[in-house]
There are 2 protein chains.
Amino acid sequence: MYREQIKVLDCTIRDGGLMNNHGFDDRFVREIFRAISQAGIDYMEIGYKNSQKLFDAKKYGAWKFCEDDTIRRVTEGIESKTKISVMVDVDRVDLDDIKPKKDSPVDMIRTACYVKDVDKAIRLANHFADKGYETAVNLMAISKVLEVELNECFAQLEKECRCNVVYIVDSNGALYQETVEYLIKKAKSIIKTKEIGIHAHNNQQLGFGNTIEAIIHGANYLDSTIFGMGRAAGNCPTELLLGFLKNPKFDIRPILDIISKEMIPLQKEVEWGYVIPYAITGILDEHPKSALELRNSDRKDKYREFYDSFAGSSEVE
Amino acid sequence: MYREQIKVLDCTIRDGGLMNNHGFDDRFVREIFRAISQAGIDYMEIGYKNSQKLFDAKKYGAWKFCEDDTIRRVTEGIESKTKISVMVDVDRVDLDDIKPKKDSPVDMIRTACYVKDVDKAIRLANHFADKGYETAVNLMAISKVLEVELNECFAQLEKECRCNVVYIVDSNGALYQETVEYLIKKAKSIIKTKEIGIHAHNNQQLGFGNTIEAIIHGANYLDSTIFGMGRAAGNCPTELLLGFLKNPKFDIRPILDIISKEMIPLQKEVEWGYVIPYAITGILDEHPKSALELRNSDRKDKYREFYDSFAGSSEVE
C-alpha cells in the first residue's frame with residue numbers, strides 16, 4: 001500500500017533553531033540524530049549554512065553555520081542511513097564554505113527563496129549540483145504569489161535548474177486542502193523531471209492534513225519536525241506522519257521516546273505549536289513575525305486586539 | 001462564496017463536560033453562551049439529557065442532566081439567535097423528562113448511538129420529532145464499522161427516521177481525509193432527505209482538516225468546540241472553523257475574547273488537546289479511554305511503553 005518514492009525529511013533542528021537562535025547543544029542534536037536514524041527517516045536537516053562574513057558566529061548557535069566539523073561531531077559513532085541536509089538562503093551563503101560533496105558530511109543542500117528570487121536560487125542549486133550534492137529549491141510564502149509569476153517560476157525551474165526537488169513552502173500556515181491540491185497539481189503539470197515536496201506550517205492545525213493532501217496529489221518529499229517543533233506554530237509532526245505512512249522501514253517508537261525525553265522538557269523553555277496569535281496570522285495569511293513579537297510582550301494573550309490590528313494596518317485604496 | 005446551508009454547532013460545554021464531570025459553573029456557561037451568540041453560531045450544545053433514575057445527580061455537574069430550568073438560568077437575559085441543543089445516549093434517557101418543544105428552551109435533541117443501536121436511536125429521534133424538536137442521530141465510532149452494516153444503517157435511517165441530520169462521528173480521531181471523503185460520499189449517496197453532519201476528534205490534529213474535507217463533499221452540519229476543548233484530544237476548534245467559513249454572519253472576535261478570558265485559565269486545570277497518548281490511540285484507531293487513564297497515572301509520559309501495550313493487548317488468531 002505504501003509509495004516507495006516517498007521521502008521524509010525531518011527538519012526539527014533547522015526549523016526549530018529559528019526559535020532558539022540555533023542554539024541546540026551537541027548532546028541534544030546527537031540524540032535527535034540518533035532517534036531520526038533509528039526511526040528510518042530519510043533525511044535530517046541540521047541547520048543553515050550562513051556566511052560568517054555576514055553573521056557574527058559569537059551571536060548565534062552552531063546550527064546557523066553548520067560547519068562540516070560541527071556536523072561530524074554530532075553524527076560520528078551513531079549507526080545511521082539518514083542523509084544530512086542543510087539549508088541556504090539566497091544572498092546569505094558564502095560559496096567558498098561549500099566543499100565538494102566527497103569532502104563533506106552533507107548530502108543535500110536546499111536553497112530557500114521567494115519566487116521573485118528564483119534566478120538566484122537556480123544559480124545556487126546548479127552550483128551545489130556541480131559540487132556533487134543532492135539539491136532542492138524551497139519556494140517560500142507560496143500563498144502570496146500571483147499565479148502568472150508562479151507559472152513562470154515553475155517553468156523556469158523545470159527548464160534551467162538541475163535540482164532534484166522543488167518544494168511548496170506554506171510559510172504563513174495559510175493554505176487549506178483545496179489550495180494545496182491546486183498548487184501541487186500545478187507544480188506536477190509543469191515540473192516533469194523533478195520531485196515535488198511540501199513544507200507545511202501548523203498555524204491552523206493543518207500541517208499534517210495539508211501534507212497528506214500533498215501526498216494524495218503526488219508530492220513525494222515531505223518535511224516534518226518532531227512534536228511539530230518549528231518556527232511559531234511549528235510544522236507537520238514527524239510522529240503523525242510516520243503513523244500515517246505505511247512503509248515498514250519507518251519505526252515511530254524512537255520518535256515517541258525522544259518526545260518523552262527531550263521535547264516535553266524543551267517545551268517548558270521554548271514556545272511553539274497551537275497558539276492563537278499564530279492561528280490568527282495563518283487565517284489572515286500574514287507572516288508570523290508580528291505574532292512572535294506579540295508573544296514576547298505583555299499583551300501576549302490579547303487576541304481580539306491583535307486580530308483587529310490587522311484590519312487597521314493597511315491603507316484602503 | 002459561502003454556502004448558506006452550513007450550520008455550526010458548538011459543543012464546548014457538552015463534549016468538554018466529559019473532562020470535568022459536566023461540572024462547569026453557571027457563570028462560565030453563561031459567558032460561553034454569550035460568546036457563541038455574539039459570534040453568530042447556529043447551535044450551542046449545552047450538555048446531556050441523562051435520567052436521574054440512572055445517575056445520581058449529586059455525583060455529577062448540572063450539564064449531565066440539562067433540566068429546562070437550569071438551561072433558562074444560564075441563557076436568560078442574553079440576546080441570542082443561537083439555538084440550544086442537548087444530546088441523549090440510547091438507554092440513558094427518561095422520555096418523561098422531555099417536555100413538548102413549546103414548553104422547553106431546547107430546540108434540538110441529538111441522539112448518539114453506535115451503529116448496532118440504530119434501531120433504538122431511530123425510535124428516540126422519532127419520539128423527539130413528534131414532540132416538536134429538531135433532531136439528529138450521531139453515529140459514533142464510525143471508523144470501526146463494517147461497510148455492510150454501515151450501508152444498512154444509512155438505508156434504514158433514510159427510510160425510517162424523521163431526524164433532520166445524520167452525523168458521522170470520528171470518536172477515535174482515526175479518520176484521514178480519504179476516509180472522510182469516502183464516508184461522506186457514501187452517506188450522501190444513500191441519505192437523500194436529510195443533512196449530513198461531521199463531528200471530528202483531534203487526536204491526529206485532523207479535526208479541522210477532516211471537517212473541511214467533509215464540507216468539500218457536502219456535509220452542512222459542523223461540530224466544533226472553542227479552543228478545541230473536548231474529550232481527550234478535543235475537537236475541531238470553533239475559531240479555526242469561523243476563520244475558514246466565509247458567511248459574514250459569523251464573527252470570530254467574541255470567540256477570541258472568550259479564549260483569552262476563560263479557556264487559557266481553564267487549560268491550567270483541565271488537560272485537552274494534542275497529547276501524544278491521544279495521538280497514539282488515534283493512529284491505532286482505539287478509543288481514547290486507555291490514554292485518559294494513562295494521563296491520570298504516574299506513567300503519563302511513557303509513550304513508547306503505551307504504544308507497545310497495544311501490540312501485546314490482543315490474542316493473535
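Worth saying up front: this structure is predicted, and the values here are computed from it rather than measured.

Here the focus is the pairing of strand S5 (residues 134-139) of chain B. Residues and elements named next belong to chain B. Counting buried residues along S5, six of its six residues qualify, which places the element largely inside the surrounding structure. Of the two faces of S5, the one lined by Glu134, Ala136 and Asn138 and the one lined by Thr135, Val137 and Leu139 are each fully buried. Here six bridges tie strand S4 (residues 108-113) to S5, and the two strands are oriented parallel to one another. Pairing of Thr111 across the sheet is with Val137, part of S5. Both S5 and strand S6 (residues 165-170) contribute to a ladder of four bridges, which runs parallel. Across the sheet, residue Ala136 finds its bridge partner in S6, namely Val165. After leaving S5, the chain enters helix H5 (residues 147-160) and then returns to the sheet as S6, a path that is right-handed.

Turning chain A through 180° and shifting it by 0.0 Å along the axis lays it on chain B, with an RMSD of 0.0 Å. Put plainly, the chains are arranged around a two-fold axis. Take the interface residues of chain A: 100% of them recur as interface residues in chain B, which is what a same-surface contact looks like.

Residue and element names in this part refer to chain A. Overall, the coordinates contain 22 aromatic pairs over all chains when judged by the stated rule. Both rings, one in Phe24 and one in Phe28, keep their centres 5.0 Å apart while their planes meet at 10°; by these two values the pair is stacked. A residue is classified by how much of its surface remains accessible, and Phe24, at 7% relative accessible area, is buried. The class of Phe28 is buried, set by a relative accessible area of 6%.

Okay, a negative patch on the surface next. Residue and element names in this part refer to chain A. A cluster of acidic residues, Asp119, Glu149, Glu152 and Glu160, forms a negative patch on the protein surface. Per-element tally for the negative patch: the top contributor is helix H5 (residues 147-160), with three residues. On the secondary structure map, Asp119 appears in helix H4 (residues 118-130).

Let's shift gears to the pattern of salt bridges. Residues and elements named next belong to chain A. The final tally for this structure, using the stated rule, is 56 salt bridges over all chains. With its nearest N and O atoms 3.3 Å apart, the salt bridge here joins Lys102 to Asp103. Residue Glu181 is joined to Lys185 by a salt bridge in which the shortest nitrogen-to-oxygen separation is 2.6 Å. Of this pair, Glu181 and Lys185 both sit in helix H6 (residues 177-190), four residues apart, which is roughly one turn of that helix. A single salt-bridge network, built from bridges that share partners, covers Arg14, Asp15, Glu45, Arg110 and Asp223.

Take the confidence of the model for chain A next. Caution applies to low-pLDDT parts of the model: their predicted coordinates are not meant to be read in detail. Here chain A shows a mean pLDDT of 97. Residues at 70 or above account for 98%. For this predicted complex, the interface confidence score (ipTM) comes to 0.96, while the overall pTM stands at 0.97.

Residues and elements named next belong to chain A. With 13 residues, helix H2 (residues 26-38) should cover 18 Å at 1.5 Å per step; its first-to-last C-alpha distance of 18 Å lies within 8% of that length. Every buried residue belonging to H2 is among Phe28, Val29, Ile32, Phe33, Ala35, Ile36 and Ser37, and all of these are buried. Of the surrounding secondary structure, the elements contacted by the buried residues of H2 are strand S1 (7-10), helix H1 (12-16), strand S2 (43-48), helix H3 (68-75), strand S3 (83-89) and helix H9 (253-267). Just past H2, the residue Gly40 takes up positive phi, approximately 80°.

Right, let's get into the sheet that holds strand S3 (residues 83-89) of chain B. All names here are of chain B. Reading around the circumference, S1-S2-S3-S4-S5-S6-S7-S8 is the order of the eight strands in this closed barrel, with parallel pairing throughout. When the angles between neighbouring strand axes are averaged without regard to direction, this sheet yields 25°. Pairing analysis gives five bridges linking S3 to S4, with the strands arranged parallel. What sits directly across from Val86, in S4, is Ile109. Each of strand S1 (7-10), strand S2 (43-48) and S3 is contacted by helix H2 (residues 26-38), which is oriented at about 155° to S2, the strand it contacts most.

Parameters at a glance
- Residues numbered from 1 in each chain as written.
- Chains lettered and ligands numbered in written order.
- Predicted model: local features only at pLDDT ≥ 70, side-chain atom pairs only at ≥ 80, totals over all residues.
- Heavy atoms only, no water.
- Buried < 20%, exposed > 50% of the residue type's maximum accessible area, 1.4 Å probe, protein only.
- Helix = DSSP H or I, 4+ residues; strand = E, 2+ residues; numbered from the N terminus.
- Pairing = 2+ DSSP bridges.
- Right-handed = clockwise from strand over helix to strand, strands pointing away.
- Least-squares fit on C-alpha atoms with pLDDT ≥ 70 in both.
- Contact = heavy atoms within 4.5 Å.
- Phe/Tyr/Trp six-rings, centres within 6.5 Å; stacked < 30°, edge-to-face > 60°.
- Patch = residues over 30% accessible without salt bridge, like charges linked within 9 Å, V, L, I, M, F, W, Y side chains within 5 Å.
- Areas by Shrake-Rupley, 256 points an atom, 1.4 Å probe, with all protein chains shown as cover.
- Salt bridge = Lys/Arg side-chain N within 4 Å of Asp/Glu carboxyl O.
- Lys, Arg positive; Asp, Glu negative; His and termini not counted.
- Charge placed at Lys NZ, Arg CZ, Asp CG, Glu CD.
- pLDDT = per-residue confidence, 0-100.
- Expected span 1.5 Å × (residues − 1).
- Axes fitted to C-alpha atoms, helices over the stretch in contact; angles between N-to-C directions.

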